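# Summary of the model geometry
Listed below are the residues making up each chain.
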Amino acid sequence: MSPTSPASSSDGASPVSRTGPRNPSRTRRLTTAQALVSFLARQYTERDGRRHRLISATWGIFGHGNVAGIGQALVEAGHGGNGTTHRMPYLQGRNEQAMVHAAVGYARQSGRLSAHAVTTSIGPGATNLVTGAALATINHLPVLLLPGDTFATRPADPVLQQLEVPYAGDVSVNDCLRPVSRYFDRVTRPEALIPAALQAMRVLADPAETGAVTLALPQDVQAEAYDWPEEFFAERVWRVRRPAPDTAELEAAVRAVRSARRPLIVAGGGVRHSAAEETLAAFTAATRIPVASTQAGKGALRHDHPADVGGVGHTGTATADELARTADLVIGVGTRYTDFTTASGTLFENPAVRFLNLNITGFDAHKLAALPLVADARTGLEALTSALAGRGYRVDPAYETEYTGAKEAWEEQVEASFTTPDPTAHPTQTQVLGLLDTLVTEEDILINAAGSLPGDLHKLWRTRSRDQYHVEYGYSCMGYEIPAAIGVLLATEAQGHEGRPVWALVGDGTYLMNPTEIVTAVQEKLPLRLLILQNHGYASIGGLSEAVGGERFGTAYRHRDADGGFTGPPLPVDLAANAASLGMRVLRATTVDDLRKALAEARSAEGPTCVYVETETPDTVSGPPPAQAWWDVPVAETASRPAAVTAREEYDRRVAARRHHL
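The structure displayed is predicted, hence computed values, not measured ones.

Thresholds applied
- Residues numbered from 1 in each chain as written.
- Predicted model: local features only at pLDDT ≥ 70, side-chain atom pairs only at ≥ 80, totals over all residues.
- Heavy atoms only, no water.
- Axes fitted to C-alpha atoms, helices over the stretch in contact; angles between N-to-C directions.
- Helix = DSSP H or I, 4+ residues; strand = E, 2+ residues; numbered from the N terminus.
- Parallel < 35°, antiparallel > 145°, perpendicular 65-115°, else oblique.
- Left-handed = near helix turned anticlockwise from the far one by under 90°.
- Contact = heavy atoms within 4.5 Å.
- Nonpolar A, V, L, I, M, F, W, Y, C, P; charged D, E, K, R; others polar.
- 1 Å grid on protein atoms, 1.4 Å probe; cavity = no way out; pocket = protein on both sides within 12 Å on 5 of 7 lines; lining within 4 Å.
- Points joined across faces, edges and corners; volume = space filled by probe spheres on them.
- Pairing = 2+ DSSP bridges.
- Buried < 20%, exposed > 50% of the residue type's maximum accessible area, 1.4 Å probe, protein only.
- Right-handed = clockwise from strand over helix to strand, strands pointing away.
- Phe/Tyr/Trp six-rings, centres within 6.5 Å; stacked < 30°, edge-to-face > 60°.
- Polar contact = N/O pair within 3.5 Å; in protein donor to acceptor, adjacent residues only side chain to side chain.
- Core = buried A, V, L, I, M, F, W, Y, C linked by side-chain atoms within 4.5 Å.
- Disulfide = S-S within 2.5 Å.
- Salt bridge = Lys/Arg side-chain N within 4 Å of Asp/Glu carboxyl O.

Quick look at the packing of helix H16 (residues 429–439) against helix H23 (residues 592–603) now. The interhelical angle for the contact between H16 and H23, taken along N-to-C directions, is 45 degrees, at an axis separation of 10 Å. Considering their axes alone, H16 and H23 lie oblique with respect to each other. For the pair H16 and H23, the sense of crossing is right-handed. Here Val432, Leu435, Leu436 and Leu439 of H16 lie close against H23, whose contacting residues are Val592, Leu595, Arg596, Leu599, Ala600 and Arg603. Among the residues making up the contact of H16 with H23, the classes are represented as eight nonpolar, no polar and two charged.

Next up, the structure:
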């Protein structure tokens, strides 16, 4: 994004768009924290003629490092203090990492046009932000972090929770946030807030730069008063850029497409962030090029769109992966090409394959030695469609027949995985998804992040709308789902879509990582639908462990056996009772028939509702189709146990197929 520019000034400058009186002699005396909150309440984004509040609420957990600063400022901002009519809503969290996850869920559902701030005390409150910040930055989603910091004036040194670094006096635990932030500043004087705050908004609002932004706030500076220029509090509108492609790059892209016989589009999260789904559909209608999707890009086309061939890569469909192996041109649209997408460099096998990458960042556009088309996804697709329109390009009908036929065959495998022939049996995980599939409409939103569910969902889920599929797989962070669902619910309410069913899908391992925000959902009366699949351990990593010679060591939630291993009876942990103790209504399901009824009841519930089910280990009939492409997890090169020796032999065979695209 770039700041909105009104009429150019005489010296050619393009200031940020501001409204309200401009009198540089007027000042307002506020604390630094009060000034920051007042400033944040007046920041807006604008894209395609629609304006959105940039920071629409602040999450917080208070301690000695922020209670008298940001905490006091939020009290005033919530009640119209300091003469403001711009209020700052406050949201109470239970875990600092979870607050960031909730903010990220909100930002993603808001199309990155609106975000939340998160305030914490110093010490553990601040370091708890690091995981959420990494997730936000990796996924290019905006969140503003406002951790308290130690005294700038150092009246007592050290203070409570201060990290002492013998070689540097200006380091605090907040420096942990530097590598996971897109912008970081420590505001050691009140007047330093002005440039820091403006830079923070610039980065949050820039589609090529956005991610976690950190303003570390020493606790004494938060409470210090200063005479702020009134113009600092004028409304500012940050315009979301839609950069068009360079003419020469566009012409090279057109030539590449026209010469391709087996092109394949890989749609990534940039399609969604740009709201380019309809434009992508128009491009495929004109060219008939098939579209595969990454985890972040799934939903770019509906599952029943003729050109949609499903997920691509290690967790992809057989249809998409076979097309990837034979493609002579891969058109990446808004994708980072992670190892899951490229099958660790083994997927794109065609010796003649070339890459054309449409991406808003040059860094991603140049990956895999591609022809770059640096532009906004929607603007770039529109330009490419227009440029091809007068040149008569369309894939060979035989190619179209090939991939549509392969898609039909894959759908038969999906249906077999979803089928539940015995209504009295315990369901498998894929059968749980099958039952949910029969229930949802395009209104429902599914949230997941880690375990074996992302793989099953990427391969099997039938996405019905552009925002139904919400799987965080950039960081694949256990514990993301519940707080993210809260953020999504808050965003749907803000968008005027209150009542959309939002499902958080978690296994028992993920649930135990971070269930605390259930309390927040109960407090805010948010109709969270929580689906807990109990399989007594880390099932996903257990399967991976077995495949790489780790023999499922340390992955089951079981009592120790006589030899000290974990093969005894399952632990007597009742997650349903735990969820109920936090305030949720809980529906227990034992059989397929029970689950069908419980899911329907939960979907129509008005308050936070949990469905709890123990899942069966799938057999060869009811389980999901196996991985259609490889994923590189290095195996021990020397080992004494047969499992690892065998796994290494398979690893050596697979790794020989890796390819560097130069």
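This model, assessed by the stated rule, comprises five cavities of 30 Å³ or more. The computed volume of the largest cavity comes to approximately 130 Å³. Lining of the largest cavity is provided by 17 residues; of these, Asp308, Gly310, Thr317, Trp410 and Glu411 occupy positions nearest its centre. Mapped onto the lining of the largest cavity, the elements with two or more residues apiece are strand S16 (308–311), helix H15 (397–418) and helix H17 (453–460). A breakdown of the residues in the lining of the largest cavity according to their chemical character gives five nonpolar, six polar and six charged.

Ordered in space as S16-S15-S14-S17-S18-S19, the six strands form an open sheet in which the pairing is parallel. Among the strands making up the open sheet, the edge pair consists of S16 and strand S19 (371–374). Geometrically, the sheet is characterised by an average inter-axis angle of 20 degrees between neighbouring strands, direction not taken into account. Pairing analysis gives five bridges linking strand S17 (residues 329–333) to strand S18 (residues 354–359), with the strands arranged parallel. Bridged to Gly332 within S18 is Asn357. Across the face of the sheet, helix H10 (residues 277–287) comes into contact with strand S14 (263–267) and strand S15 (291–293) while running at roughly 170 degrees to S14.

Right, let's get into the sheet that holds strand S8 (residues 115–120). As summarised here, the arrangement of the six strands in space is S7-S6-S8-S9-S11-S10, forming an open sheet in which the pairing is parallel. Lying at the two open borders of the sheet, with one neighbouring strand each, are strand S7 (90–92) and strand S10 (183–186). For this sheet, the mean angle separating the axes of adjacent strands, direction not counted, is 20 degrees. Here strand S9 (residues 143–149) pairs with strand S11 (residues 212–218) via five bridges, running parallel. Across the sheet, the residue bridging to Gly148 is Leu217, located in S11. Contacting strand S6 (55–60), S9, S10 and S11, helix H6 (residues 193–204) runs over the sheet at an angle of about 160 degrees to S11.

Side chains of strand S20 (residues 445–448) alternate between two faces, with Ile445 and Ile447 and Leu446 and Asn448 buried alike. With H17 bridging S20 and the parallel strand S21 (residues 469–471), this β-α-β connection has right-handed handedness.

Our focus in this paragraph is the packing of aromatic side chains. Each pair of aromatic rings is reported with the distance of its centres and the angle of its planes. For the coordinates displayed, the defined rule picks out 12 aromatic pairs. An angle of 80 degrees between the planes, with centres 5.7 Å apart, marks the rings of Tyr399 and Tyr403 as edge-to-face. With Tyr399 and Tyr403 both in helix H15, this residue pair falls four residues apart, about one helical turn. Classification of Tyr403 as buried rests on a relative accessible area of 2%. An aromatic cluster of at least three residues, connected via ring pairs, comprises Phe39, Tyr226, Trp228, Phe232 and Phe233.

Looking at where Cys477 falls in the secondary structure, it is placed in the loop between S21 and helix H18 (481–494). You can call Cys477 buried: its relative accessible area is 7%. The sequence separation of Cys477 and Pro624 amounts to 147 residues, and the corresponding C-alpha distance is 22 Å. With near-sequence residues (within four places) excluded, Cys477 lies in contact with Gln97, His101, Thr131, Leu135, Ala449, Ala450 and Glu472.

Looking now at the environment of Thr284. By the secondary structure assignment, Thr284 is in helix H10. Considering only alpha carbons, one finds Thr284 and Arg354, 70 residues apart in sequence, at a separation of 19 Å. Excluding residues that lie within four positions of it along the chain, Thr284 makes contacts with Ile265, Ile289, Val291, His305 and Ala307. Side-chain polar atoms of Thr284 contact the backbone oxygen of Ala281, separated by 2.9 Å.

Size it by volume and the second largest pocket reaches roughly 900 Å³. Lining the second largest pocket are 31 residues, with Arg50, Gln109, Ser110, Arg466 and Gln495 positioned closest to its centre. Secondary-structure elements contributing two or more residues to the lining of the second largest pocket are strand S5 (50–53), helix H3 (96–109), helix H9 (269–273), H10 and H18. Among the elements that take part in the lining of the second largest pocket, S5 stands out by supplying four residues, more than any other. For the lining of the second largest pocket, the class distribution of residues is five nonpolar, 10 polar and 16 charged.

This paragraph deals with the side chain of Arg47. Residue placement: Arg47 occurs in strand S4 (residues 43–47). A relative accessible area of 12% places Arg47 in the buried class. At a separation of 2.9 Å, a polar atom in the side chain of Arg47 contacts the main-chain carbonyl oxygen of His273. Residues contacting Arg47, with those up to four places away along its chain left out, are Leu113, Val240, Arg242, His273, Ser274 and Ala275.

Moving on to the pairing of strand S23 (residues 528–534). Across the seven residues that make up S23, a large majority, seven, are buried. Sheet topology places strand S22 (residues 502–507) next to S23; six bridges connect them, and they run parallel. Its bridge partner lying in S23, Leu505 is registered against Leu531. As paired elements, S23 and strand S25 (residues 609–614) share six bridges and run parallel to each other. In the strand pairing of S25, Ile532 is matched with Tyr612.

Our next topic: the nonpolar core. Residues Trp59, Val118, Leu145, Tyr511 and Leu530 are the most contacted members of the largest nonpolar core, which totals 53 residues. For Leu530, the residues in contact, after removing those within four places along its chain, are Ile482, Ala504, Val506, Tyr511, Ile518, Met584, Thr609, Cys610 and Val611.

Before going further, it helps to examine the state of the cysteines. The full count for this structure, using the stated rule, is zero disulfides. Unpaired in this structure, Cys176 has its nearest cysteine sulfur neighbour in Cys477, at a distance of 16 Å.

The next point concerns the pattern of salt bridges. Counting across every chain of the model gives 42 salt bridges. Between Arg242 and Asp48 there is a salt bridge whose closest N-O contact spans 3.0 Å. Within this pair, whereas Arg242 is found in the loop between strand S13 (235–239) and helix H8 (247–259), its partner Asp48 is found in the loop between S4 and S5, the two being separated by 194 residues in sequence. With a closest N to O distance of 2.8 Å, Arg653 and Glu650 form a salt bridge. Residue Arg653 and its partner Glu650 are both found in helix H24 (residues 642–655); the two are separated by three residues, about one turn of the helix. What makes Arg653 exposed here is its relative accessible area of 52%. Judged by its relative accessible area of 35%, Glu650 falls in the partly exposed class.

Take it as geometry only, folks, not as evidence of what the structure does.
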